[in-house]
Amino acid sequence: MARIAIKNALFFGKDKFSNLVIPWSTYTTPELAHVGHSPATATEEGIEIETFETSFAENDRAICESRTEGLVRIHVRKGSDTIVGASILGPHAGDMISEITLAMKENIGLGRIGSVIHPYPSSADAIRACGGAYTRTKLTPPVRSLFRQLLKLKS
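Residues numbered from 1 in each chain as written. Predicted model: local features only at pLDDT ≥ 70, side-chain atom pairs only at ≥ 80, totals over all residues. Heavy atoms only, no water.

Participant: Just checking my understanding: could you explain the overall build of the protein chain for this structure?
Facilitator: Of the regular secondary structure elements, the protein chain holds seven helices and five strands. Helices and strands in the protein chain line up, N terminus first, as α-β-β-α-β-α-β-β-α-α-α-α. Going through the 155 residues of the protein chain one by one, you find that 32% of them count as buried. Total accessible area on the protein chain stands at roughly 9,900 Å², and carbon and sulfur atoms take up 58% of it. (Helix = DSSP H or I, 4+ residues; strand = E, 2+ residues; numbered from the N terminus. Buried < 20%, exposed > 50% of the residue type's maximum accessible area, 1.4 Å probe, protein only. Areas by Shrake-Rupley, 256 points an atom, 1.4 Å probe, with all protein chains shown as cover.)

Participant: For this particular structure, what's the right way to read the sheet that holds strand β4 (residues 71-77)?
Facilitator: Strands pair in a sheet through their backbones, by hydrogen bonds, and they do so in one of two ways: parallel or antiparallel. Strand order in this open sheet of five strands is β1-β2-β5-β4-β3, and the pairing throughout is antiparallel. On the outer flanks of this sheet lie β1 (24-26) and β3 (49-55), each paired with one strand and no other. Between one strand axis and the next, the sheet turns through 10° on average, direction left out of account. Sheet topology note: the strand β2 (residues 31-36)/strand β5 (residues 83-90) ladder contains six bridges and is antiparallel. Bridging across to β5, Ala33 finds its partner in Ile88. Running over the sheet, helix α6 (residues 125-137) touches β3, β4 and β5 and is turned about 130° from β3. (Pairing = 2+ DSSP bridges. Axes fitted to C-alpha atoms, helices over the stretch in contact; angles between N-to-C directions. Contact = heavy atoms within 4.5 Å.)

Participant: Is there a simple way to think about the nonpolar core in this case?
Facilitator: Note on soluble globular proteins: their nonpolar side chains tend to be buried together. Counting residues in each nonpolar core, the largest one holds 24 residues, and the members touching the most others are Val72, Ile74, Ile83, Ile88, Ile100, Leu110 and Ile127. When residues of this core are traced back to their parent elements, those giving at least two are β2, β4, β5, α4 (93-105), α5 (110-114) and α6. Per-element accounting of this core gives the leading share, six residues, to α4. (Core = buried A, V, L, I, M, F, W, Y, C linked by side-chain atoms within 4.5 Å.)

Participant: Where do I start with α4 in this structure?
Facilitator: Count 3.6 residues to each turn of an α-helix, and residues three or four apart come out pointing the same way. Given a rise of 1.5 Å per residue, 13 residues ought to cover 18 Å, and the 18 Å separating the end C-alpha atoms of α4 matches this to within 8%. Each element contacted by the buried residues of α4 is listed here: β1, β2, β4, β5, α5 and α6. In the stretch just after α4, Asn107 is the one whose phi turns positive, near 55°. (Expected span 1.5 Å × (residues − 1).)

Participant: What am I meant to see in the pairing of β2 here?
Facilitator: Look at any regular strand and the pattern is simple: side chains alternate between the two faces of the sheet. Bridging between β1 and β2 involves three bridges; their strand directions are antiparallel. Each bridged residue has a counterpart across the sheet, and for Thr26 the counterpart in β2 is Leu32. From the end of β1 to the start of β2, which pair antiparallel, there are four residues.

Participant: In this structure, what is going on with a nonpolar patch on the surface? I would like to understand it.
Facilitator: A surface patch of nonpolar side chains, about 480 Å² in accessible area, is lined by Leu139, Leu146, Phe147, Leu150 and Leu153. With respect to the secondary-structure elements, Leu150 resides in helix α7 (residues 141-154). Overall, Leu150 belongs to the partly exposed group, its relative accessible area being 41%. (Patch = residues over 30% accessible without salt bridge, like charges linked within 9 Å, V, L, I, M, F, W, Y side chains within 5 Å. Salt bridge = Lys/Arg side-chain N within 4 Å of Asp/Glu carboxyl O.)

See the structure below:
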């Protein structure tokens, strides 16, 4: 909060505390981290959301470390890839939430996160997997049909 006051005073900024995207983390086992809206707060504010979720049981780093408990859950505004909130329960959640916080602050959508190459294997790849799940929803039946026809032509 002090940073905002100093920035506004010295550099003629116009930031408001209400505009901040503030993550939090609880360092338990497993860790829990959150930023933005939950489904309940989104509903209270009249925001329709879609949720994309990946389990750490499907994450190769978590499997290698035998720490597969938990998940990444990202909420986007319905009909877009605008991230409105996220929760992470699992290993390194407190570190991983920063990627989503940055995306929310800079208006980077879940689809773009899905196209980012993450180190392999890494826990953060679970975030990319949520982005991939979002992208797959864009393959409408006509688009799928078009891809199938194109693949047949190449064969």
